Amino acid sequence: MSIPSVIFYMISAMILICGYLSVTTRKIFRAAIYLLFCLIGIAALFFFLENDFIAAVQIVVYVGGIVVLIIFSIFLTHKSGEEMPMASLKKEVAALAAVVSGFILVFYLIHTNTFIMDSNEKVAPTVNNIGTQMLSTDKFGYVLPFEVVSMLLLAAMIGAIVIAIKVKPKQ
Amino acid sequence: MNQIPLEHILFVSTALFFIGVYGFFTRKNMIMMLMSVELILNSVNINFITFNKYLFPDKLNGVFFSIFIIVIAAAEAAVAIAIIINLYRSHNSIDVDDTNEMKY
Amino acid sequence: MLEGKVISLIILLPLISFLILGFFGRRYFKTFSGIVGTTSIFASTLLSLITAYQYFFVVGQVNGVYQKIIALKYTWLQFTPNISIDLGIILDPISVMMIVVVTFISLMVHVYSLGYMKGEDRFSVYYSFLSLFTFSMLGLVLACNIFQIYIFWELVGVSSFLLIGFYYDKPSAVAASKKAFIVTRFADLGFLIGILILSFNAETLDFETLIQRLTSPESTYLKGIVASSFLGFSALSWGLVLVFMGGAGKSAMFPLHIWLPDAMEGPTPVSALIHAATMVVAGVYLVARLFPIYALSCPGALHVVAYVGIFSSLFAAIIACTQTDIKRVLAYSTMSQIGFMMFALGVSSYGGENGLGYMASMFHLFTHAMFKALLFLGAGAVIHYVHSNDMKDMGGLRKFMPITHLTFLIACLAIAGIPPFAGFFSKEEILSAAFQSNPVIFYLAIATAGITAFYMFRLYFSIFWNKEAHLHGEHHGEGSTTMMLPLIILGVCSIVAGFVPFGKFVSSDGAELHTEMHLTFSIAPVLIALGGIFLAMSFYKNANEKANNISVVLKGIYTSAYHKFYFDEIYLFITKKLIFNLIGRPAAWFDRNIVDGFINLLATLTQEISDTIKGMQSGRVQNYAIYFFFGIIGFVILFIFLLK
């Protein structure tokens, strides 16, 4: 087993274990921390797959933004040391059945499907390439989705403020 | 580098996806559900990056999609947390089972 | 100058008055309702008199033959290129004669009601109903096609229903109105089927075309309708007999007569208008309208008409002898007289001298309307005075009600057929028509005429002579001028109506029919009538026991006649016992258990299912997510593996 593959399996194990712990632990703050590690693992996986930019974005947005946001909201809505209730057995069983059957189905599909590897000339996912194509208006340019998504972000921002804003009690 | 088989990476992403689904089904806390959704989105991201790298190395479409997904995930998280905080203010609880007024 | 628009005014004026009184009467007119209704009908009467004058003396006659004039025609519903329902106005001798009779009698009744119904709570409603009736009756007689006649026929039935049930707080009136409606409606079912048979085969609804297509021997329509048969009779016979069934229902012919006596629950002027003079002769009018078809193409159906007519006539006359309610006596006498008209039509044939019966029937219709309306209005005055319908409460009234007495006597003489009163002429012609064609009917008819004289004078003597009056309480006058005026006018008409040279105007084929009085022929009927009168006189002029003795001797017949030969009971037995128990009950059971049961089963099933699955709608988002997820798995399996 070569070193890269060992690294890969370690990263994978970290992702899966942290993800699993994140959804099963009964302490919500721990769950957030596990989620943080899971996301870091995913960023590492992106590094491993030579997508430095995406990995960086992953860390900046997820680790630096979303998880922090989640932790803040946990602070706002929970008392510390509180344990979350377990799900009922019935629901547990139903969820497990759904998840396991779904997993088997999907993995069976992946397994039976043959992926045709393309050996064309490679385009490196560098910031330069990504930025050029993202803002180009040429054939494969992504400027329209870019603009649309920026509108979405703006809308989400305003929406989040409007929803969460504290309504002054009427005099 | 390419000796990692595609299927192994897909296994990781699929497993992560269903871990997220499981969490979404079983956890009653809304923040936990939001976290589960993040896991799901991330597993999708892994898939996009992987396919882009293995199957279409001459294009950058997978990268763009994962960027957009990250953006949307961020927006979604912001709105969701705003809703959750608002809900906590009015119901003093963020348990999904407590918020079933819309049933009727 | 028979302008269609002017003639349609005759019909429309009562309609307008109905609408005005119906919508605004109670609030705005109250006491003026009578004036409004009477004014409109007065205008209508004038117009119809002018129309009659124009028709009979100015434009109606071409080469000595009265034409059928379609004064107005408007296509209303086009079914196929050939068949359409039109609304129109036909003018021929009988329709013109009828509009005069209807408007005239209606006017008399309107005027009379001003006094009779005075102070009535629903005065304006009463007048609106009267107007509605007049409108429908005029529409009926002027109808130019058979479907239009049917429409107005039903309208007439409705207004009759409304007027019989006018005192709707009286249970007997409600029952009577229902009975009248149901019985005539049942008969109308036959009428409708008859219409359908005739119009289906002749491919027209229009009277003129219908008659022309079903009478000319070389017509293919006639051959077709005669060729198609059902149960051994041709479609033509069935159609005509069924149409006659409708007529028999309206005209209270046996065995559909049972509603007429009960219809007397209505206000007396209504009985005079509807159940004596106009509506009940609609059946006769209908047969007369289609007379060429009956006479030329299907004499069998005409025989049915004749026998039903004579039987009803005799039957009703016998019952009339035993009744003590004066209005019921009059009701049965009406039925009897209509029987006369019916069999007169039945023994007649088309054209020329042989059409005497037709003309006699119409003549009798005309005169009968006068004296029967007079009888009813007189009876109304008596009832108004005595506050009772029963003969036993009356007697010796001649001193208190001189005008009523005199006019009533005139009417009785007229109906008994004593010259020179109106009834004599028409009845003589009916009898001679019967004599010429069918001796059996003739002898029965002459017997009936005798019985008629007897029971009419029994009525007369019982009311005005017999025992001395023991009048209770106050002695108000005989009645207001508005009540006496119609009596006098009708009394005069009952004397002079017979002198109208009727054959000159109305005959089966439109040509002039010369009638002459055979004095020798007239002797027998007049003698028999006089015999009846003297018999009645000896029994009832003074209070005595003779009548009771006779009734004891003829106990069986008397009781059964008194109970109207138990016809009501038979009908009740058939409807209540047989139909209700044998058909109604099982049908109800079927409906309740099978039909309802099936629906209930569906409902229960739905409820059960929803009870079981309502847990799925828990409002718990995560459960929904799980269902959703399983659904997706199901779809993946379906589309990827199964539908590959």
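Residues numbered from 1 in each chain as written. Chains lettered and ligands numbered in written order. Predicted model: local features only at pLDDT ≥ 70, side-chain atom pairs only at ≥ 80, totals over all residues.

## Details of the overall build of chain C
Reasoning step 1: Each helix and strand in chain C was counted, giving 26 helices and 6 strands.
Reasoning step 2: When each of the 644 residues of chain C is scored for burial, the buried share is 54%.
Reasoning step 3: Residue pairs at least 24 apart in sequence account for 79% of intrachain contacts in chain C once pairs closer than 6 positions are excluded. (Helix = DSSP H or I, 4+ residues; strand = E, 2+ residues; numbered from the N terminus. Buried ≥ 20, exposed ≤ 12 C-beta atoms within 10 Å, placed from the backbone. Contact = placed C-beta atoms within 7 Å.)

## Some thoughts on the overall build of chain A
Reasoning step 1: Within chain A, the secondary structure is distributed over 6 helices and 0 strands.
Reasoning step 2: What you see in chain A, going N to C, is helices and strands ordered as α-α-α-α-α-α.
Reasoning step 3: Burial analysis of chain A (171 residues in total) assigns 26% to the buried set.
Reasoning step 4: Taking as baseline every contact in chain A between residues at least 6 positions apart, the subset at least 24 positions apart corresponds to 46%.

## Let's talk about helix α16 (residues 356-386) of chain C
All names here are of chain C.
Reasoning step 1: Here α16 spans 43 Å end to end across 31 residues, near enough to the 45 Å set by a 1.5 Å rise per residue.
Reasoning step 2: Maximal helix bending in α16 amounts to about 30°, located at His-368.
Reasoning step 3: α16 sits mainly inside the fold: 29 of its 31 residues count as buried.
Reasoning step 4: The first or second residue beyond α16 is His-387, which carries a positive phi of 65°. (Expected span 1.5 Å × (residues − 1). Bend = angle between axes of the 7 residues up to and from the residue.)

## Considerations on the interface of chain A and chain B
Reasoning step 1: At the interface, 71 residues of chain A touch 62 residues of chain B.
Reasoning step 2: Elements with a minimum of two residues in the side of chain A that touches chain B: α1 (3-24), α2 (28-48), α3 (52-77), α4 (89-112), α5 (127-134) and α6 (143-164) of chain A.
Reasoning step 3: Sort the elements by how many residues they give to the side of chain A that touches chain B and α3 of chain A lands first, with 12 residues.

## Overview of the interface of chain B and chain C
Reasoning step 1: Counting residues at the interface gives 7 residues for chain B and 7 residues for chain C.
Reasoning step 2: Looking at the side of chain B that touches chain C residue by residue, the classes come out as 4 nonpolar, 1 polar and 2 charged. (Nonpolar A, V, L, I, M, F, W, Y, C, P; charged D, E, K, R; others polar.)

## Remarks on the nonpolar core
Reasoning step 1: Ranked by size, the top nonpolar core spans 217 residues in total, and within it Ala-373 and Phe-457 of chain C carry the most contacts.
Reasoning step 2: Ranked by residues supplied to this core, first place goes to α16 of chain C with 21 residues.
Reasoning step 3: The contact partners of Ala-373 of chain C, leaving out residues within four places of it in the chain, are Ile-105, Met-108, Ala-272, Ala-276, Ala-277 and Leu-490 of chain C.
Reasoning step 4: In terms of nonpolar packing, the next biggest core, distinct from the first, is built from 72 residues, Ile-28, Ala-32 and Ile-42 of chain A together with Phe-64 of chain B among them. (Core = buried A, V, L, I, M, F, W, Y, C linked by C-beta atoms within 7 Å.)

## Some words on the confidence of the model for chain C
Reasoning step 1: With 95% of its residues at a pLDDT of at least 70, chain C reaches an overall mean of 82.
Reasoning step 2: Per the prediction output, this complex has pTM 0.66; the corresponding ipTM is 0.89. (pLDDT = per-residue confidence, 0-100.)

## A word on the packing of α6 of chain A against helix α3 (residues 61-91) of chain B
Reasoning step 1: Viewed as axis vectors pointing N to C, α6 of chain A and α3 of chain B meet at an angle of 10°, and their least axial separation amounts to 8 Å. As far as their axial angle goes, α3 of chain B and α6 of chain A are roughly parallel. Contact residues: α6 of chain A offers Pro-145, Val-149, Leu-152, Leu-153, Ala-156, Met-157, Gly-159, Ala-160, Ile-163 and Ala-164 of chain A, while α3 of chain B offers Phe-68, Val-71, Ile-72, Ala-75, Ala-78, Val-79, Ala-82, Ile-83, Ile-85 and Asn-86 of chain B.
Reasoning step 2: Of the residues in the contact of α6 of chain A with α3 of chain B, the class split is 18 nonpolar, 2 polar and no charged. (Axes fitted to C-alpha atoms, helices over the stretch in contact; angles between N-to-C directions. Parallel < 35°, antiparallel > 145°, perpendicular 65-115°, else oblique.)

## A few points about the pairing of strand β3 (residues 69-78) of chain C
Residues and elements named next belong to chain C.
Reasoning step 1: As paired strands, β3 and strand β4 (residues 84-91) are joined by 8 bridges and run antiparallel to one another. Bridge pairing links Gln-78 to Ser-84 in β4.
Reasoning step 2: In textbook terms, the turn of a hairpin is the stretch between consecutive antiparallel strands, and for β3 and β4 this stretch comprises 5 residues. (Pairing = 2+ DSSP bridges.)

## Quick notes on unusual backbone geometry
Reasoning step 1: Its identity as a non-glycine residue notwithstanding, Glu-50 of chain A has a phi of 65°, on the positive side.
Reasoning step 2: Structurally, Glu-50 of chain A can be placed in the loop between α2 and α3.
Reasoning step 3: Although it is not a glycine, Ala-252 of chain C adopts a positive phi angle of roughly 55°.
Reasoning step 4: Within the element layout of this structure, Ala-252 of chain C appears in the loop between α9 (235-250) and α10 (259-262).
Reasoning step 5: On the neighbour-count criterion, Ala-252 of chain C (29 C-beta atoms within 10 Å) is buried.

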